[in-house]
Amino acid sequence: MDYMEYLTYDSGDSDYDQLPTENGPIYILGKCYNNPKQEMEVIRGDIQSKIWCTYRRGFVPIGSPQLTSDKGWGCMLRCGQMVLAQALVALHLGRDWIWTRETRDPTYLKIIEMFEDNRKSPFSIHQIALMGNSEDKKVGEWFGPNTIAQVLKKLVKYDDWGSIDIHVALDNVVVTEEILELCEVEKQIWKPVLLIIPLRLGLTDINPIYIPGLKKCFELPGNVGMIGGRPNQALYFIGYVENEALFLDPHTAQRCGSVGNKSNEEEIEMDETFHQRFVNRIDFKHMDPSLAVCFLCTNRQEFDALIERFQRELIDSDIQPLFEVSKRRPQEWQSYHSSIDGSEKATNAEFENLEPNPSDDEFEIIV
């Protein structure tokens with residue numbers, strides 16, 4: 001079977017941009033490439049090693065009516081899959097792990113299996129969409145950055161293999177005591193955490209004063225990207241070059257299938273559908289102002305170092321802060337948050353003003 005038979009492109013897809021070779025540096029998930037022209041093949045390998053989650057068609061029906069594709073409604077769900085997949089790859093295989101067509105690493109295959117579109121996979125479109133019910137989202141409805149963060153936070157609690165927790169920072173504040181309480185299971189035992197910080201950086205457009213802060217996030221160790229988009233499209237941002245953010249686009253409809261053990265050509269070709277050698281670019285000022293920045297801390301030392309970098313480079317610097325860091329949640333917030341159920345869904349309602357666009361069912365409205 002020809003690999004391209006798996007692909008169909010929506011009318012909203014952008015052409016894949018070539019990365020600039022003269023200008024630099026290029027930052028990808030905390031890694032700096034100072035000489036893009038000399039390092040272009042290495043950069044391509046880094047991009048291609050990221051797990052690319054897209055629309056799929058032909059999966060087991062879900063919801064009512066019975067949906068067999070998430071085309072037109074699932075792009076934010078796919079972006080959530082990508083950031084969680086990157087966190088698992090970084091945790092279990094390392095940030096510098098590289099994928100090739102010949103890769104058959106059992107750990108990698110296990111991670112891919114977790115995102116395949118069937119009811120048994122813990123992070124399939126089925127599990128994410130159904131868990132969305134707890135956030136008042138019916139199957140087939142649009143998600144925003146905070147909703148997908150809250151859904152993933154719940155789903156990881158049902159998976160033991162991944163050995164990861166998720167903390168969603170509310171109200172633009174990273175509360176260190178809450179994270180320590182979550183991650184320090186026992187003395188000197190740390191459970192890795194994916195830190196997701198939902199932000200709103202403007203009303204209809206990103207305020208330019210926040211762009212240096214977004215760039216800085218991509219430069220920090222432990223960065224696993226941003227969940228966001230541009231008006232009408234959810235996208236997974238993985239880095240930047242000059243004034244443009246680099247992203248993987250989920251708006252490609254591909255056939256559903258299993259990678260298995262890559263024991264035959266069909267499984268090998270299916271594995272290829274989870275990787276994209278090229279990356280798109282968008283000017284930061286054209287991004288939607290609702291987004292979430294994401295970081296992975298695999299141990300206490302990484303967490304302490306990240307908090308120190310937040311304080312020094314994002315808060316106590318000339319950069320306009322994106323969020324605050326506090327040891328504990330301010331007392332005046334305690335009574336308010338204690339009245340909200342465990343989903344914490346109401347605290348970021350301003351990020352979830354989602355309305356479908358009846359004239360274009362290809363896109364998910366995230367503004």
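Student: Even after reading the chapter, I still don't get the environment of F303, so can you show me in this structure?
Tutor: Considering the arrangement of structural elements, one finds F303 in helix α9 (residues 300-315). Measuring from C-alpha to C-alpha, the distance between F303 and L195 comes to 9.9 Å, with 108 residues separating the pair along the chain.

Student: Would you take a moment to explain the pairing of strand β4 (residues 56-62) for this structure?
Tutor: As a general feature of sheets, a regular strand has side chains that alternate between the two faces. As judged from the two bridges shared by β4 and strand β14 (residues 252-255), these two strands associate in the parallel manner. By the bridge assignment, R56 is partnered in β14 with Q254. When β4 meets strand β5 (residues 67-69), the two strands line up antiparallel, connected through two bridges. In the sheet register, I62 faces β5, and the bridge partner there is L67. Hairpin geometry of β4 and β5 is characterised by an intervening segment of four residues between the two adjacent antiparallel strands and by a positive phi of about 75 degrees at G63.

Student: Is there a simple way to think about the nonpolar core in this case?
Tutor: Side chains that are nonpolar tend, in soluble globular proteins, to be buried together. In terms of nonpolar packing, the biggest core is built from 70 residues, with I28, L194 and I238 touching the most fellow members. If you tally residues by element for this core, the top one is helix α2 (residues 75-92), at twelve residues. Those residues in contact with I28 that sit more than four places away from it in its chain are Y33, I43, D46, I47, K50, R95, I238, G239 and L246. Grouped together as the second largest cluster of nonpolar side chains are 39 residues, I197, Y240, M287 and F323 included.

Student: Before we go on, may I ask you to explain α9 in this structure?
Tutor: With 16 residues, α9 should cover 22 Å at 1.5 Å per step; its first-to-last C-alpha distance of 21 Å lies within 8% of that length. What α9 keeps buried is the set F303, L306, I307, F310, E313 and L314. At the N-terminal boundary of α9, the capping side chain belongs to N299, with an oxygen 3.1 Å from the backbone nitrogen of Q301.

Student: Is there a simple way to think about the packing of helix α6 (residues 176-183) against α9 in this case?
Tutor: Between two packed helices, the angle of one axis relative to the other and the distance separating the axes together describe the packing. Relative orientation of the contacting elements α6 and α9 amounts to 170 degrees, with a least axis distance of 12 Å. One way to sum up the angle between α6 and α9 is to call them roughly antiparallel. Residues T176, I179 and L180 of α6 pack against R300, F303 and I307 of α9. Here the contact of α6 with α9 is built from residues that sort into four nonpolar, one polar and one charged.

Student: Even after reading the chapter, I still don't get the environment of D117, so can you show me in this structure?
Tutor: Along the chain, D117 turns up in the loop between α3 (106-115) and α4 (125-131). D117 sits 61 residues away from R56 along the chain, and the two C-alpha atoms are 8.0 Å apart. If near-sequence neighbours (up to four positions away) are discounted, D117 is found in contact with R56, F59, R78, Q81, S124, I125, H126 and C256. A distance of 2.9 Å separates a polar atom in the side chain of D117 from a polar atom in the side chain of R78. Here I125 takes part through its backbone nitrogen, which lies 3.2 Å from a polar atom of the side chain of D117.

Student: I keep staring at the pattern of salt bridges and nothing clicks. Help me out?
Tutor: Oppositely charged side chains can pair when the atoms bearing their charge come close. Overall, the coordinates contain 24 salt bridges when judged by the stated rule. Measuring nitrogen to oxygen at the nearest pair gives 3.4 Å for the salt bridge that ties E313 to K216. Here the residue E313 occupies a position in helix α9, and K216 occupies one in helix α7 (residues 211-219), the gap between them amounting to 97 residues. We classify K216 as buried; its relative accessible area is 18%. Close ionic contact of D271 with K262 constitutes a salt bridge, the shortest N to O distance being 2.7 Å. Residues D271 and K262 agree in their burial class; the two are buried. It is possible to trace a salt-bridge network through shared partners that takes in K216, E219, E308, R309, R312 and E313.

Student: When you look at the packing of aromatic side chains in this model, what are you seeing that I'm missing?
Tutor: Aromatic ring pairs: the centre-centre distance and the angle between the two ring planes describe each pair. Taken as a whole, this structure holds nine aromatic pairs when the rule is applied. When the ring of F115 is compared with that of F123, the centres are 5.5 Å apart and the planes differ by 35 degrees; the resulting orientation is tilted. A relative accessible area of 1% places F123 in the buried class. Relative to F323, the ring of F310 lies with its centre 5.0 Å away and its plane at 80 degrees, an arrangement referred to as edge-to-face. One end of the pair, F310, is in helix α9; the other, F323, is in the loop between α9 and β17 (324-326), with 13 residues separating them in the sequence. Each member of the pair, F310 as well as F323, is classed as buried. Taken together, the aromatic side chains of Y27, F218, Y240 and F284 make up a single cluster linked through ring pairs. Geometry around F274 places R56 over its ring, the cationic atom sitting 4.6 Å from the centre.

Basis of the calculations
Residues numbered from 1 in each chain as written. Predicted model: local features only at pLDDT ≥ 70, side-chain atom pairs only at ≥ 80, totals over all residues. Heavy atoms only, no water. Helix = DSSP H or I, 4+ residues; strand = E, 2+ residues; numbered from the N terminus. Pairing = 2+ DSSP bridges. Core = buried A, V, L, I, M, F, W, Y, C linked by side-chain atoms within 4.5 Å. Buried < 20%, exposed > 50% of the residue type's maximum accessible area, 1.4 Å probe, protein only. Contact = heavy atoms within 4.5 Å. Expected span 1.5 Å × (residues − 1). Polar contact = N/O pair within 3.5 Å; in protein donor to acceptor, adjacent residues only side chain to side chain. Axes fitted to C-alpha atoms, helices over the stretch in contact; angles between N-to-C directions. Parallel < 35°, antiparallel > 145°, perpendicular 65-115°, else oblique. Nonpolar A, V, L, I, M, F, W, Y, C, P; charged D, E, K, R; others polar. Salt bridge = Lys/Arg side-chain N within 4 Å of Asp/Glu carboxyl O. Phe/Tyr/Trp six-rings, centres within 6.5 Å; stacked < 30°, edge-to-face > 60°. Lys NZ or Arg CZ within 6 Å of the ring centre and 35° of its normal.

These results come straight from atomic positions and should not be treated as a statement about function.
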